[in-house]
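# Close look at the chain arrangement
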Amino acid sequence: MHHSNGQRIFIICLHLTQRFLTIKFLFGFATGIILTLIFNSRGINDLSDTKSFRPDQSKFEYEKNKNQKPNDDYLNSVNDNKQSLTGKWKYNWDGNLTTRGSSSRNLYLIRHGQYYDNAKQLSDMKLTPLGREQAVYTGKRLNEMKLKFNRLIHSGMVRARETAEIITENLQQTIELTEDKNLTEGLPIAPEPYAGISQKDVEVNELYLMYGDKSRIDHAFRTYFHRAMPSQSSDTHDIIVFHANLLRYFICKVMQFPAEAWLRITLNHGSITQITVLADGTVILKNIGDAGFIPVEKVTF
């Protein structure tokens, strides 16, 4: 079969075009693989130094991080952020110095009971049988106080809700449960002394995992920690069931201790911390992490 010169030129051009497209495809494919490997490598390197704390972090204690040593980045950040602490009480700490009422606000801060901290899904991190038993003891202890509680607030996490429900079952009074997702467990600020995480890690952790939310946690603090408003005609008693990291951080903030000291406090499951904010803004820490009502063999943290 004979082809004319025009046909031959057309066939040659067609073959060249096919080869060009094939080469272009292979080049693009190879480039894509190389760029993906480079990107993933950088991503792994960036995250390899970041401590991945779940919002239910249960093992975040100095006692469980004995071998952690600060790196140079952490030490530099500490030196750059030193604050001058005078120890003087800031009377307008809540911004309500000129609008105070005449009553006190009493807060009963409860850490939830023991739970399945190794569950893969947050919804499966429910109370263990021991955790439910601890919540019963907590509810009975609160009931023995013979107080009229105004509110019972709990975080949005299942273990806090379960603890709150068990507490209400053991209170000889009717009280409505209120959920506040701002009380969800998280990482408020890098602790000092060093415990395996710096403020840079907290910020990167927040960026990638979206739960180290200091602004959310501080909003929750402002919601519950303030002196009584003029509209409050009598003393109030609120129960708040939530999580250890936030609770410890709140203690430091309301007592005007350095916020970075929060991890120096250990709180048992089902324990009660009682804080009273007087009408003039004075704060009294009446007890912290009280678990003396739970039999010693049933105490966990």
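Residues numbered from 1 in each chain as written. Predicted model: local features only at pLDDT ≥ 70, side-chain atom pairs only at ≥ 80, totals over all residues. Heavy atoms only, no water.

The name that an unreviewed UniProt entry assigns to the protein is Serine/threonine-protein phosphatase PGAM5, mitochondrial, with the source organism given as Didymodactylos carnosus.

### With respect to the packing of aromatic side chains
Under the counting rule described, the total for this entry stands at six aromatic pairs. Taking the centre distance of 5.6 Å and the plane angle of 55 degrees together, the rings of Phe221 and Phe250 count as tilted. Highlighted residues: Phe221 in helix α6 (residues 214-224) and Phe250 in helix α7 (residues 244-254), separated in sequence by 29 residues. Across this residue pair, the class does not change: Phe221 and Phe250 are buried. An angle of 45 degrees between the planes, with centres 6.2 Å apart, marks the rings of Tyr249 and Phe250 as tilted. (Phe/Tyr/Trp six-rings, centres within 6.5 Å; stacked < 30°, edge-to-face > 60°. Helix = DSSP H or I, 4+ residues; strand = E, 2+ residues; numbered from the N terminus. Buried < 20%, exposed > 50% of the residue type's maximum accessible area, 1.4 Å probe, protein only.)

### A word on the packing of helix α3 (residues 129-144) against helix α4 (residues 158-169)
Their axes nearest at 8 Å, the elements α3 and α4 cross at an angle of 45 degrees. In terms of their interaxial angle, α3 and α4 are classed as oblique. Between α3 and α4 lies a crossing of right-handed hand. Of the residues in α4, those touching α3 at Arg132, Ala135, Val136, Thr138, Gly139 and Leu142 are Glu162, Thr163, Ile166 and Ile167. (Axes fitted to C-alpha atoms, helices over the stretch in contact; angles between N-to-C directions. Parallel < 35°, antiparallel > 145°, perpendicular 65-115°, else oblique. Left-handed = near helix turned anticlockwise from the far one by under 90°. Contact = heavy atoms within 4.5 Å.)

### Some thoughts on the packing of α6 against α7
α7 packs onto α6 with a crossing angle of 60 degrees between their chain directions and a minimal axis gap of 11 Å. Relative to α7, the element α6 lies oblique. As α6 runs across α7, the sense of the crossing is right-handed. Taking contact as the criterion, the partners of Lys214, Arg216, Ile217, Asp218, Ala220 and Phe221 in α6 are, on α7, Leu246, Tyr249, Phe250, Lys253 and Val254. Looking at the contact of α6 with α7 residue by residue, the classes come out as seven nonpolar, no polar and four charged. (Nonpolar A, V, L, I, M, F, W, Y, C, P; charged D, E, K, R; others polar.)

### Looking at the sheet that holds strand β3 (residues 177-179)
As summarised here, the arrangement of the six strands in space is β3-β2-β4-β1-β5-β6, forming an open sheet in which the pairing is mixed. The open sheet is flanked by β3 and β6 (283-290), the only strands paired with a single partner. Ignoring strand direction, the axes of neighbouring strands in this sheet form an average angle of 20 degrees. (Pairing = 2+ DSSP bridges.)

### Description of the environment of Tyr224
Residue placement: Tyr224 occurs in helix α6. Separated by 119 residues in sequence, Tyr224 and Arg105 have C-alpha atoms that sit 9.3 Å apart. Not counting residues up to four positions away in its chain, the partners in contact with Tyr224 are Arg105, Leu107, Arg151, Ile153, Asp180, Leu183 and Ile240.

### Points about the side chain of Asp218
Mapped onto the elements of the fold, Asp218 is located in helix α6. Polar side-chain contacts of Asp218 include one of 2.7 Å to the side chain of Lys214. Discounting residues that sit within four places of it in the chain, Asp218 has contacts with Tyr249 and Lys253. (Polar contact = N/O pair within 3.5 Å; in protein donor to acceptor, adjacent residues only side chain to side chain.)

### Remarks on the pattern of salt bridges
Scanning the entire structure with this criterion turns up nine salt bridges. The closest approach of N and O atoms between Lys298 and Glu133, which form a salt bridge, is 3.1 Å. With a gap of 165 residues between them, Lys298 in the segment after β6 and Glu133 in helix α3 connect regions that are remote in the sequence. Between Glu144 and Arg141 there is a salt bridge, with its nearest N and O atoms 4.0 Å apart. Of this pair, Glu144 and Arg141 both sit in helix α3, three residues apart, which is roughly one turn of the helix. Given a relative accessible area of 27%, Arg141 falls into the partly exposed group. (Salt bridge = Lys/Arg side-chain N within 4 Å of Asp/Glu carboxyl O.)

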